[in-house]
Amino acid sequence: MAQGKKRLPRVELPADARLATLALREGLPPSQWGENSEALFLTSSFVHPDAATAARRFADEEESFTYSRFSNPTVTMMERRLAALEGTSGCIGTASGMSAILLLVMGLLKAGDHVICSQSVFGSTIKLLQDIMGRFGLEATFVSQTNVDEWRAALKPNTKLLFAESPTNPLTEICDIAALADIAHRAGAWLAVDNCFCSPALQQPVKFGADFIIHSGTKYLDGQGRVIAGAVCGPEDLLQGKLVPVLRSAGMTLSPFNAWVVLKGMETLAIRMKAQSDNALALAQWLATQPAIGRVYYPGLESHPQHALAMAQQSGSGAAVVSFDVTGEGAQALRERAFSLMDATTVCSLTTNLGDTKTTISHPATTSHGRLTEAQRQAAGIGQGLIRVAVGLDHIDDLKADLQRGLATLST
């Protein structure tokens, strides 16, 4: 950015303000009216005092607001708050979590570049990187989430980005962020981590060396299933120099209203994540005792293969998503048993969203990962008997009773 450029004002907070305070107060200063709750700026454009000022602002010589496709006060407040929580110098709000990944890839990469990605990530991420961006010359290699040697072996001279989720959706696999960051940086590449499952309340990937953080604000940042939103957090110079020009022309734009909802959602993020994670641990422990369940996937359980790593990276928490396999023989039978269990529940919401205060239940093989080939699902470990529960704030005894109703159908 130009030296001496006129900047937007900052909120005056102590330099050592903690996460709970930042989640309430970081953003922009209030207007001349002194509102305590952040204002919602529902406007497409902004009026300038004179033509010369407008010219400076559109030339990015003076930081201000011009057009809400790429600059809006409410969106800026949300971006500043999330950047503060993630510990990054910058953030860009986007229309969805998937548009955040698209913006990152379009901003950083070009035809002929190579990306290494976990094979266990969200199904749409695989489709985007392999099928859609592959048509434009991007090369993608998918490797084991947990095998660091596979990431290292997949490096090529044209590798520019490593991309991982931690934990993954839906099997809650954990990647060693510090190890992947070291591999990426030694190769002259960047590391991006999707932090959707943990949120900055539990995990800040930049502390372990990640360069970029991806969020679906639709999930825990909002927390009540109200809006679609996304974000990329990272170094301000790279976001402004490489990603904002793409956003400005391509328009993966976060609406002011959705930004405002996420902004307010972040105020309760830490206490929601604590309560939902506590519920999830209790539910996972109970599920592990049920004879009709073959395996429970939850990082908070000592039986989880990456339990120790998860505790180190995730503030000692397993987060709030629990997945499990029902027992059975053959894909068709497993699907029927999974459907039977889910259809018998009356408290859990049968929907693919997660991060909601309401507990949700889904069948990944036919929903979130339904567009993948069977080979891709098998590589990711997504079987027909797998069920994902995104644990909310429902009473834990009601959740156990609800799933017990489903489990009862498997013994008849």
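These figures come from a predicted structure and were not determined experimentally. (Residues numbered from 1 in each chain as written. Predicted model: local features only at pLDDT ≥ 70, side-chain atom pairs only at ≥ 80, totals over all residues. Heavy atoms only, no water.)

Overview of the packing of helix H10 (residues 269–287) against helix H14 (residues 396–408)
Move 1: Contact geometry for H10 and H14: axes closest at 10 Å, N-to-C directions at 35 degrees. Remark: the crossing between H10 and H14 carries right-handed chirality. Judged by residue contacts, Asn-279, Ala-282, Leu-283, Trp-286 and Leu-287 of H10 engage Ile-396, Leu-399, Lys-400, Leu-403, Gln-404 and Leu-407 from H14.
Move 2: Here the contact of H10 with H14 is composed, by residue class, of eight nonpolar, two polar and one charged. (Axes fitted to C-alpha atoms, helices over the stretch in contact; angles between N-to-C directions. Helix = DSSP H or I, 4+ residues; strand = E, 2+ residues; numbered from the N terminus. Left-handed = near helix turned anticlockwise from the far one by under 90°. Contact = heavy atoms within 4.5 Å. Nonpolar A, V, L, I, M, F, W, Y, C, P; charged D, E, K, R; others polar.)

A look at the packing of helix H4 (residues 97–108) against helix H5 (residues 123–132)
Move 1: Running from amino to carboxyl end, H4 crosses H5 at an angle of 30 degrees, the nearest separation of the two axes being 11 Å. Regarding the angle of H4 to H5, the classification is roughly parallel. You can see that H4 and H5 cross each other, and the crossing is right-handed. Judged by residue contacts, Met-98, Ile-101, Leu-102 and Val-105 of H4 engage Ser-124, Thr-125, Leu-128 and Leu-129 from H5.
Move 2: Looking at the contact of H4 with H5 residue by residue, the class counts come to six nonpolar, two polar and no charged. (Parallel < 35°, antiparallel > 145°, perpendicular 65-115°, else oblique.)

Details of the pairing of strand S12 (residues 386–390)
Move 1: Buried residues dominate S12, accounting for five of its five residues.
Move 2: Here S12 shows two buried faces, one formed by Leu-386, Arg-388 and Ala-390 and the other by Ile-387 and Val-389.
Move 3: Bridge count for strand S9 (residues 321–326) against S12 is five bridges, and the pairing is antiparallel. Pairing of Val-321 across the sheet is with Ala-390, part of S12.
Move 4: Here strand S11 (residues 360–362) runs beside S12; their pairing, made up of three bridges, is antiparallel. Counterpart to Thr-360 in the pairing with S12 is Ala-390. (Buried < 20%, exposed > 50% of the residue type's maximum accessible area, 1.4 Å probe, protein only. Pairing = 2+ DSSP bridges.)

Considering the sheet that holds strand S10 (residues 349–350)
Move 1: On the basis of which strands lie adjacent, the open sheet formed by five strands has the order S8-S9-S12-S11-S10 and mixed pairing. Edge positions in the sheet fall to strand S8 (293–297) and S10, since each has one partner strand and no second.
Move 2: Along the sheet, H10 contacts S8, S9 and S12; its crossing angle with S9, the most-contacted strand, is approximately 15 degrees.

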